[in-house]
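# Fold and contact review
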Amino acid sequence: MFAGKSIISINEISELEIIKILETAKKLEEMPDSKKEKLLADKVLATLFFEPSTRTRLSFESAMKRLGGKVIGFADPKVTSASKGETVHDTIKMVENYADAIVIRHPLEGAARVASEATAKPVINAGDGANQHPTQTLIDLYTIKKTQGKISGLSVAMVGDLKYGRTVHSLAVALSKFNCSLYFVAPEILKMPLHIKAELAEKGVEFAEYDEIIDVIDKVDILYMTRIQKERFPDPLDYENVKSIYILKKEMLKKAKPTMKILHPLPRVNEIDMDVDSTPYAHYFQQAANGIPVRQAILSLVLGAIK
Ligand code: CP
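Cut-off values and rules
- Residues numbered from 1 in each chain as written.
- Predicted model: local features only at pLDDT ≥ 70, side-chain atom pairs only at ≥ 80, totals over all residues.
- Heavy atoms only, no water.
- Pairing = 2+ DSSP bridges.
- Helix = DSSP H or I, 4+ residues; strand = E, 2+ residues; numbered from the N terminus.
- Axes fitted to C-alpha atoms, helices over the stretch in contact; angles between N-to-C directions.
- Contact = heavy atoms within 4.5 Å.
- Buried < 20%, exposed > 50% of the residue type's maximum accessible area, 1.4 Å probe, protein only.
- Right-handed = clockwise from strand over helix to strand, strands pointing away.
- Salt bridge = Lys/Arg side-chain N within 4 Å of Asp/Glu carboxyl O.

With that settled, consider the sheet that holds strand E3 (residues 101-106). The parallel open sheet is built from four strands, whose spatial order is E2-E1-E3-E4. For this open sheet the edge positions go to strand E2 (70-74) and strand E4 (123-128), each flanked by a neighbour on one side alone. Taking each pair of neighbouring strands and ignoring which way they run, the sheet shows an average axis angle of 15°. Pairing geometry for strand E1 (residues 44-49) and E3, over five bridges, is parallel. Looking at the pairing, leucine 45 lines up with alanine 101 of E3. Here helix H3 (residues 55-66) sits on the sheet in contact with E1, E2, E3 and E4, set at roughly 175° to E1.

As structure tokens, this is what we get:
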């Protein structure tokens, strides 16, 4: 089902395949270390990060090492030959000789697709510009399932930078496969892109757009906060105008459902007050921790160690 497969876009992963990844993650999370520490013993993972990352790079590396695999890669593209002008295609033609699977993050939309077309080895998209971040979405779905007991039929609000935030693009598409109701809270200049809304409408997904968090707080099972993506604004003045538009505060949670959870792909800047962290709603650090079993599942499946 997955062996040798690249993970580039959530659109290309079926509901059944998503369920298989989430079930594999659960099995790996529950498996004793002694049973899984040699699962990827003869495998090498290359991590190519052409954009900054803390969670994605480190959790992929930790996931691989905890399964007995090895990791090569770099954290700073300035020390690679990309800085001399080498293309993604040529970089991958080299790296495919050094590794069994390749994780790539790149500022250009479509770069992971270009990488996957240059090699028969599995390529995993760790974020391509403002396009998609499919493995983050699998972590989000795993976290939603763990906290709510299900994914189907839930009400999910996405708040903040819905234009440049790649995690919400992947998540909206993924939730469209699970009959969820979606609430998009964003200022005019950061609304969910038209092509995603058109895709949701075509699939008959229920979604609505709002201006304020307070308008949705009592309606949702998941409140998915996002950072305003400063690095993707062509005009810094536009960023200045919206950088503090949504700040979730503890007192805003009074009408939330008792089971509601706040997620955030992180990093956070100022969009969630630190006093929210100690409420029972805050679940973003546990969400980040789920990166290990979910990325272990993805690596084990695409490398054929688990069928
Ligand atoms: N969620 C996420 O992609 O975090 P990093 O940018 O730190 O990898």
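Read on, since the account is not over.
What follows covers the pairing of strand E6 (residues 181-185). Counting buried positions along E6 yields five of five residues, so the element is predominantly enclosed. Residues Ser181, Tyr183 and Val185 point to one face of E6 and Leu182 and Phe184 to the other, with burial holding for every one of them. Between the parallel elements strand E5 (residues 155-159) and E6, the chain passes through helix H7 (residues 166-175) in a crossover that is right-handed. Alignment of E6 against strand E7 (residues 207-210), held across four bridges, turns out to be parallel. Counted as the bridge partner of valine 185 is tyrosine 210 from E7. Chirality of the crossover, the property in question, places the unit of E6, helix H8 (residues 194-202) and E7 among those that are right-handed.

Here we come to the pattern of salt bridges. Inspection of the entire model under this criterion finds 16 salt bridges. Across the pair lysine 257 and aspartate 221 runs a salt bridge whose closest N-O atoms are separated by 3.1 Å. Highlighted residues: lysine 257 in the loop between helix H9 (236-242) and strand E9 (261-263) and aspartate 221 in the loop between E7 and strand E8 (222-225), separated in sequence by 36 residues. On the accessibility criterion, aspartate 221 (10% relative accessible area) is buried.

Pairing is parallel across the open sheet formed by five strands, whose spatial order is E7-E6-E5-E8-E9. Edge positions in the open sheet fall to E7 and E9, since each of these has one partner strand only. Recorded for the sheet is a direction-independent mean angle of 20° between the axes of neighbouring strands. Seen against the sheet, H7 touches E5, E6 and E8 and runs at an angle of roughly 165° to E5.

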